[in-house]
Amino acid sequence: MPGLLRGVARTAVVAGTATAVSNRVSRRQAGRWAQQDYERQGYEQQAVQQQEAAPAAAQPVADDMTDKIDQLKQLADLKAQGVLTDEEFEAQKRRVLG
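One structure accompanies this document, and this report is about it. For clarity, every value in this text was computed on a predicted model and none was experimentally measured. (Residues numbered from 1 in each chain as written. Predicted model: local features only at pLDDT ≥ 70, side-chain atom pairs only at ≥ 80, totals over all residues. Heavy atoms only, no water.)

### Notes on a positive patch on the surface
In plain terms, the rule: For patches, a residue must show more than 30% relative accessible area and have no salt bridge; joins then use 9 Å for like charges and 5 Å for nonpolar side chains, namely Val, Leu, Ile, Met, Phe, Trp and Tyr. Here the Shrake-Rupley method, with its probe set to 1.4 Å, supplies the accessible areas, and only the displayed protein chains count as covering residues. By definition, a salt bridge exists where a carboxyl oxygen of Asp or Glu is found within 4 Å of a side-chain nitrogen of Lys or Arg. Charge assignment: positive for Lys and Arg, negative for Asp and Glu; neither His nor the chain ends contribute. A charged residue contributes its charge at one atom only: NZ of Lys, CZ of Arg, CG of Asp or CD of Glu. Think of it this way: any DSSP run of H or I at least four residues long counts as a helix, any run of E at least two long counts as a strand, and we number them from the N terminus. Accessible area is worked out with a 1.4 Å probe on protein chains only. A residue is then buried under 20% of its type maximum, exposed over 50%, and partly exposed in between.
A contiguous patch of positive charge, built from Arg 24, Arg 27, Arg 28 and Arg 32, is present on the exposed surface. Here Arg 27 lies in helix α1 (residues 2–58). A residue is classified by how much of its surface remains accessible, and Arg 27, at 58% relative accessible area, is exposed.

Here it is, written out as structure tokens:
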């Protein structure tokens, strides 16, 4: 009978130790995954913010000036055709140039 008790006790100790180690490994791994997810979300948010900010910064002043020049050319064409009076042309020119 003592041999049987010793075998059962040894099995219980081994099983308990294995369970404790397994739980600890699982918790540590879950913590690492949570940290990776947190960092990934942070990087994704930064990327989204940079993408949202990029179009505003990507429009150089030269494009704005080109648009104004095109509008002024159209106004000059309308004036030359007699569609706009001198006063209307000047008013629209001031509006375009701001």
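### Looking at helix α3 (residues 86–97)
As a reminder, the rule being used: Multiplying one less than the number of residues by 1.5 Å gives the expected span of a helix.
Taking 1.5 Å per residue as the helical rise, α3 with its twelve residues ought to reach 16 Å, and the 16 Å between its terminal C-alpha atoms agrees with that figure. Trailing α3 by a residue or two, Gly 98 shows a phi angle of about 65 degrees, which is positive.

### Some remarks on the pattern of salt bridges
For the structure on display, the rule yields four salt bridges. A salt bridge links Arg 40 to Asp 37; the nearest nitrogen and oxygen atoms lie 3.0 Å apart. Of this pair, Arg 40 and Asp 37 both sit in helix α1, separated by three residues, roughly a single helical turn. Exposure remark for Asp 37: the relative accessible area of 37% places this residue in the partly exposed category. Note that Lys 68 and Asp 64 form a salt bridge whose closest N and O atoms lie 3.8 Å from each other. Placement of the pair is Lys 68 and Asp 64 together in helix α2 (residues 61–81), with a separation of four residues, close to one helical turn.

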